[in-house]
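Descriptive structure summary
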Amino acid sequence: MLNIILFGPPGAGKGTQSEKLIAKYHLCHISTGDLLRSEMAKKTELGLAAKKYMDSGSLVPDDVVIGMIRNKLAQDSSGPGCIFDGFPRTVAQAEALDELLSETGNTITLMIALQVEADELIKRLVKRGETSGRSDDTEETARKRIEVYDRETSPVANYYAKQDKYHAVDGVGEVNDIFNRICQVVGVPV
Ligand code: AMP
């Protein structure tokens, strides 16, 4: 299986590049942000509990997110592989993911880490907020989310670097140019 973690701070382009990777490699898409927003829209207990964390730009607790991934992997275990978008965001989530995948004899193939400077991220998130309808795409919350990324999420890169799976990709420029850089790392279509 080809299991790719698309990694990077909020606004790095993970969602956009995920769509292109899915179209090319026929992978399933696992975005914890999308799953949480869908729970919020359905006003489930989980969604209502997650809302306060998401609105403030903090991370939703690990046990909630890992439980969601466990259910999702049980549904998507066949097929050529998955893109993990916005997950894992803590080292505890990365460890849980390795363990869950190993239960079916699978593993993460590689991590693509999109590199974008903070000023550019804020610009992109504020612009996205004009049309996304996302309550966390404001300048203040964007700054908070980037701080949370630096503090809690960036160590996840090192976790995969130690497994020789980490690949940094410049995330600035035309969408198709960035996609070509990613494809050079991923290699031949499966
Ligand atoms: P995203 O759509 O990936 O930018 O995620 C939006 C928000 O959902 C984040 O700011 C967090 O509050 C929450 N979230 C998404 N994925 C995770 C995760 N893996 N761990 C904890 N919180 C998450």
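The structure under discussion appears in the preceding block.
Predicted, not measured: the structure shown is a model, and the values here were computed from it.

Looking now at the environment of A74. You can see A74 is positioned in helix 4 (residues 62-75). For A74, a relative accessible area of 62% puts it in the exposed group. When the C-alpha positions of A74 and T32 are compared, they lie 15 Å apart, and in sequence the two are 42 residues distant.

Before going further, it helps to examine the site of the ligand. For the ligand, the set of nearby residues contains 16 residues, the closest of which are T32, R37, S58, R89 and Q93. The backbone of G86 places a nitrogen or oxygen atom 3.0 Å from a nitrogen atom of the ligand. Within the side chain of R145, one N or O atom sits 3.3 Å away from an oxygen atom of the ligand. Out of a free accessible area of 490 Å², the ligand has 96% covered by protein chains. For the shell around the ligand, the element with the most residues is helix 2 (residues 32-41), which contributes four residues. Grouping the constituent residues of the shell around the ligand by class yields six nonpolar, five polar and five charged.

Quick look at the nonpolar core now. In a soluble, globular protein the nonpolar side chains are often hidden away together inside. Among the nonpolar cores identified, the biggest contains 27 residues, and I5, F7, L73, F84, L97 and Y160 are the most heavily contacted of them. Among the secondary structure elements, those contributing two or more residues to this core are strand 1 (4-7), strand 2 (28-31), helix 3 (45-56), helix 4, strand 3 (82-85), helix 5 (91-102), strand 4 (110-115) and helix 8 (155-161). The contacts of F84, once residues within four sequence positions are left out, are N3, I4, I5, L6, I30, L73, L97 and I108.

With that settled, the discussion passes to the pattern of salt bridges. Under the criterion given, the structure shown has 12 salt bridges. Taking the shortest distance from any N to any O, the salt bridge between E120 and K123 comes out at 3.7 Å. Residue E120 and its partner K123 are located together in helix 6 (residues 118-132), separated by three residues, close to a single helical turn. Among the residues examined, E120 registers a relative accessible area of 25% and is labelled partly exposed. Given the relative accessible area of 58%, K123 is considered exposed. Taking the shortest distance from any N to any O, the salt bridge between E139 and R143 comes out at 2.7 Å.

So, about the state of the cysteines. Across all of its chains, the model carries one disulfide by this definition. C28 shares a disulfide with C82; S-S distance 2.0 Å. The sign of the S-S torsion, about 95°, decides the handedness of the disulfide formed by C28 and C82: right-handed. A residue pair is termed long-range when its members are at least 10 positions apart, and C28 in strand 2 and C82 in strand 3 qualify at 54 residues. The same class applies to C28 and to C82, which are both buried. This cysteine, C183, is not joined by any disulfide, and C28 carries the nearest cysteine sulfur, 17 Å off. Residue classification places C183 among the buried residues on the basis of a relative accessible area of 11%.

Here five strands make up an open sheet; going across it, the order is 2-3-1-4-5 and the pairing parallel. Each edge of the open sheet carries a strand with a single partner, namely strand 2 and strand 5 (166-170). In this sheet, neighbouring strand axes are inclined to one another by 20° on average, regardless of whether the strands run parallel or antiparallel. Taken together, the three bridges between strand 1 and strand 3 define a ladder with parallel strand orientation. Considered in strand 3, the bridge of I4 is made with I83.

If you check helix 6, its first and last C-alpha atoms are 20 Å apart, about what 15 residues at 1.5 Å a residue would give, namely 21 Å. Among the residues of helix 6, L121, I122 and L125 are the ones counted as buried. In a view along the axis of helix 6, the buried residues occupy a sector of 95°, so they form one face of it. The exposed set on the far side of helix 6, more than 90 degrees from its buried face, consists of D119, K123, K127, E130 and T131.

Rules behind the numbers
- Numbering of residues begins from 1 in every chain and follows the order in which that chain's sequence is written.
- Only residues with pLDDT of at least 70 get local features here, since the model is predicted, and only at 80 or more are side-chain atom pairs given and counted; chain-wide, interface and lining totals rely on the full set of residues.
- Side-chain figures throughout are based on the complete set of non-hydrogen atoms in the structure, without hydrogens or water.
- In DSSP terms, a helix is any run of H or I states spanning at least four residues, a strand is any run of E spanning at least two, and both are numbered starting from the N terminus.
- Residue burial is assigned from relative accessible area. The probe radius is 1.4 Å, only protein chains are included, and a residue is buried under 20% of its type maximum, exposed over 50%, and partly exposed in between.
- The near set for a molecule or strand comprises every residue that places at least one heavy atom within 4 Å of it.
- What qualifies as a polar contact is a pair of N or O atoms within 3.5 Å, subject to a donor-acceptor requirement within protein and to the restriction that residues adjacent in sequence count only when both atoms come from side chains.
- Residue-level accessible areas treat just the shown protein chains as cover; the underlying method is Shrake-Rupley with a 1.4 Å probe.
- Any residue that is not Ala, Val, Leu, Ile, Met, Phe, Trp, Tyr, Cys, Pro, Asp, Glu, Lys or Arg is counted as polar, Gly included; the first ten are nonpolar and the last four charged.
- Definition used in this section: a nonpolar core is a set of buried Ala, Val, Leu, Ile, Met, Phe, Trp, Tyr and Cys residues joined via side-chain atoms within 4.5 Å.
- Whether two residues are in contact is decided by their heavy atoms: any pair within 4.5 Å suffices.
- Here a salt bridge means any side-chain nitrogen of Lys or Arg lying within 4 Å of a carboxyl oxygen belonging to Asp or Glu.
- The criterion for a disulfide is a pair of cysteine sulfur atoms lying within 2.5 Å.
- Each pair of strands is called paired provided DSSP finds at least two bridges between the two strands.
- For helices, the fitted axis covers only the stretch in contact; all axes are lines through C-alpha atoms, and the angles between them, taken along N-to-C directions, range from 0 to 180 degrees.
- Every helix has an expected span of 1.5 Å times one less than the residues it contains.
- In this context, the arc is that of the directions from the helix axis out to the C-beta atoms.

Worth remembering: the numbers are spatial, not functional.
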